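Now for the letters of each chain:
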Amino acid sequence: MIWMSWRQFRAQALVAAAGLVVIAAGLVVLGMDIRDTYDSYLARCQGDCADAMRQFTNEYRNLLLFLDAGFILVPGLLGMFWGAPLVARELESGTHRLVWNQSVPRRRWLVVKLLFAGLAAMAAAGVVSLLLTWAAGPADQMANDRFEAIVFSARHVAPVAYAAFAVVLGAVIGLLIRRTLPAMALTLLVFIAIQVAVPNLVRPYLMPPITISTPMTSEAINELRNLGGLTDRPTIGGLTIPDAWVTDTSELLTADGRPLDVAQFNKCIEPGGSHDSRREGGGTFGAAAQCLGDLDLHVTASYQPNHRYWPFQWLESAIYLTLSALLAVLGRWRIQRRIT
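It should be emphasised that the depicted structure is a prediction, and the values quoted were computed from it without experimental measurement. (Residues numbered from 1 in each chain as written. Predicted model: local features only at pLDDT ≥ 70, side-chain atom pairs only at ≥ 80, totals over all residues. Heavy atoms only, no water.)

(A) Quick peek at a nonpolar patch on the surface. Among the surface-exposed residues, Leu 73, Leu 77, Phe 81, Ile 192 and Val 196 lie close enough to one another that they form a single nonpolar patch of about 410 Å² accessible area. Put simply, the parts of the chain that give the nonpolar patch at least two residues each are α3 (74-83) and α10 (180-202). (Patch = residues over 30% accessible without salt bridge, like charges linked within 9 Å, V, L, I, M, F, W, Y side chains within 5 Å. Areas by Shrake-Rupley, 256 points an atom, 1.4 Å probe, with all protein chains shown as cover. Salt bridge = Lys/Arg side-chain N within 4 Å of Asp/Glu carboxyl O. Helix = DSSP H or I, 4+ residues; strand = E, 2+ residues; numbered from the N terminus.)

Structure representation (structure tokens):
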């Protein structure tokens, strides 16, 4: 059974191995370049190196985000090309009638297939994740944004669990709809949807967040990314807490804990008004920041400290591996009871 699985899988394995060699070579070159640039910036700075390190981080930020975005799709592509055809191809071509009438029971056949493809996908994802984590190491250390959704999903052990889940997901979808091309497309769509949902709906709550009250002085407001939003509520965006991932912030609150009046908020930030930030004051929001800072405002913020990064990696990996196991159980039940 193992030999037969290898014979059927060897073409995909050889293509993946060739791709890994190319990716590995590129990441090794990138990692060496990042380290040389880091040493260069460090040698040029005198005393306070904060500005030099910000320039170093910005130099590679877009490239690394592009690589991260591409890499988090790799497990989905493995599920699409390795997982989805695993059973659907046999059902679509009719060869399952021969395969499942041999000495190997169909449930054992499915388990061996899933283990073979799943372990290969985990190994491939693990190699790329290891190399990308190493290559981006100095830039990640300076950026200190390891909890950023796209960075977290492309580093360390989590991508290995994503790959296992994607392959099992593809195999079960192929088993259910019994058509290879629709199964491949649906696998990728479902995987992408889950990868969007988990960082926003699950990851922030894997551990209880810490909640604090932060005063919104004019200086603090000028450090924000934006004021207000689509709903015209007194909201803020881009609040940062040192060495932490901010998961939620309240609306701007007055000293007695009530939400700031919308009319007062708009009076401070509306363009062309008496506090037009484009005409007065300094900083990002100028006079608008000064106007809001004079109101003695604060926000409550929930955050996860950076030292929880590894527990989050292991917890999320455990969730994906558990989902993989549950899907595999569903597949074993389905292949025995409903497929003839």
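(B) Broad picture of the UniProt feature "transmembrane region" (unreviewed entry) in the chain. Taken from the UniProt record, the annotation "transmembrane region" (unreviewed entry) applies to residues 12-32, 63-88, 109-136, 156-177, 184-202 and 317-335. Regarding residues 63-88, the helix share stands at 88% and the strand share at 0%, and the terminal C-alpha atoms are separated by 37 Å. Strand forms 0% of residues 317-335 and helix 100%; the C-alpha atoms that close the span are 27 Å apart. (UniProt positions renumbered as here; feature names shortened; annotations may be inferred.)

(C) Focus on the packing of aromatic side chains. The tally for this structure, following the rule as stated, stands at 13 aromatic pairs. Measuring from ring centre to ring centre gives 5.9 Å for Phe 147 and Tyr 309, while their planes differ by 75°; the resulting arrangement is edge-to-face. Of this pair, Phe 147 sits in the loop between α7 (137-143) and α8 (149-152) while Tyr 309 is found in helix α14 (residues 309-337), placing the two residues 162 residues apart along the sequence. For the residue pair Phe 147 and Tyr 309, the accessibility class agrees, reading buried in each case. (Phe/Tyr/Trp six-rings, centres within 6.5 Å; stacked < 30°, edge-to-face > 60°. Buried < 20%, exposed > 50% of the residue type's maximum accessible area, 1.4 Å probe, protein only.)

(D) Spatial organisation of the layout of surface pockets. The space that makes up the largest pocket amounts to roughly 1100 Å³. For the lining of the largest pocket, the per-class residue count stands at 13 nonpolar, eleven polar and nine charged. Of the domains in this structure, domain 1 (1-207 + 308-338) and domain 2 (217-296) are the two that each give at least three residues to the lining of the largest pocket. Space inside the second largest pocket adds up to approximately 330 Å³. If you trace the second largest pocket, you find 13 residues lining it, with Ala 16, Val 74, Leu 77, Leu 78 and Trp 82 closest to the centre. (1 Å grid on protein atoms, 1.4 Å probe; cavity = no way out; pocket = protein on both sides within 12 Å on 5 of 7 lines; lining within 4 Å. Points joined across faces, edges and corners; volume = space filled by probe spheres on them. Nonpolar A, V, L, I, M, F, W, Y, C, P; charged D, E, K, R; others polar. Domains from an automatic or database assignment.)

(E) Region of the structure containing the nonpolar core. By size, the foremost hydrophobic cluster in this structure holds 39 residues, and its most contacted members are Val 87 and Leu 114. Broken down by secondary-structure element, the contributors of at least two residues to this core are α3, α4 (85-93), α6 (106-135), α9 (158-177), α10 and α14. When residues of this core are assigned to their parent elements, the largest contribution, 13 residues, is made by α9. Aside from chain neighbours lying at most four places away, what touches Leu 114 is Leu 86, Leu 119, Val 168, Ala 171 and Ala 328. Of all hydrophobic cores here, the second largest spans 22 residues; its members include Ala 220, Ile 236, Phe 265 and Cys 291. (Core = buried A, V, L, I, M, F, W, Y, C linked by side-chain atoms within 4.5 Å. Contact = heavy atoms within 4.5 Å.)

(F) Quick look at the pattern of salt bridges. Summed over the entire model, instances satisfying the criterion amount to eight salt bridges. A salt bridge links Asp 145 to Arg 61; the shortest N-O distance between them is 3.4 Å. A residue pair is termed long-range when its members are at least 10 positions apart, and Asp 145 in the loop between α7 and α8 and Arg 61 in helix α2 (residues 50-71) qualify at 84 residues. Arg 203 is the salt-bridge partner of Glu 316, the closest N and O atoms lying 2.7 Å from each other. Here Glu 316 is found in helix α14, whereas its partner Arg 203 is found in the loop between α10 and β1 (210-215), with 113 residues between them in sequence. For Arg 203, a relative accessible area of 1% gives the class buried. Via salt bridges that share partners, Arg 61, Asp 145 and Glu 148 belong to a single interconnected network.

(G) Fine view of the packing of α6 against α9. Two elements in contact, α6 and α9, have axes whose closest approach is 8 Å; the angle formed by their N-to-C orientations is 150°. Crossing angle aside, the handedness with which α6 passes α9 is right-handed. Residues Leu 114, Ala 117, Gly 118, Ala 121, Met 122, Ala 125, Gly 126 and Ser 129 of α6 form the contact with α9, whose own contacting residues are Pro 159, Val 160, Ala 163, Ala 164, Val 167, Val 168 and Ala 171. (Axes fitted to C-alpha atoms, helices over the stretch in contact; angles between N-to-C directions. Left-handed = near helix turned anticlockwise from the far one by under 90°.)

(H) Focus on the confidence of the model for the chain. Put simply, the chain has an average pLDDT of 85, and 87% of its residues get 70 or more. Contacts for the low-pLDDT stretch residues 273-279, under 50 throughout, to residues beyond four places or in other chains number 18 contacts. (pLDDT = per-residue confidence, 0-100.)

(I) Broad picture of unusual backbone geometry. Positive phi, normally seen in glycine, also occurs at His 156, with a value near 60°. Secondary-structure assignment places His 156 in the loop between α8 and α9. Of note in this structure, Asp 243 is not a glycine but carries a positive phi near 55°. On the secondary structure map, Asp 243 appears in the loop between β3 (236-237) and β4 (244-249).

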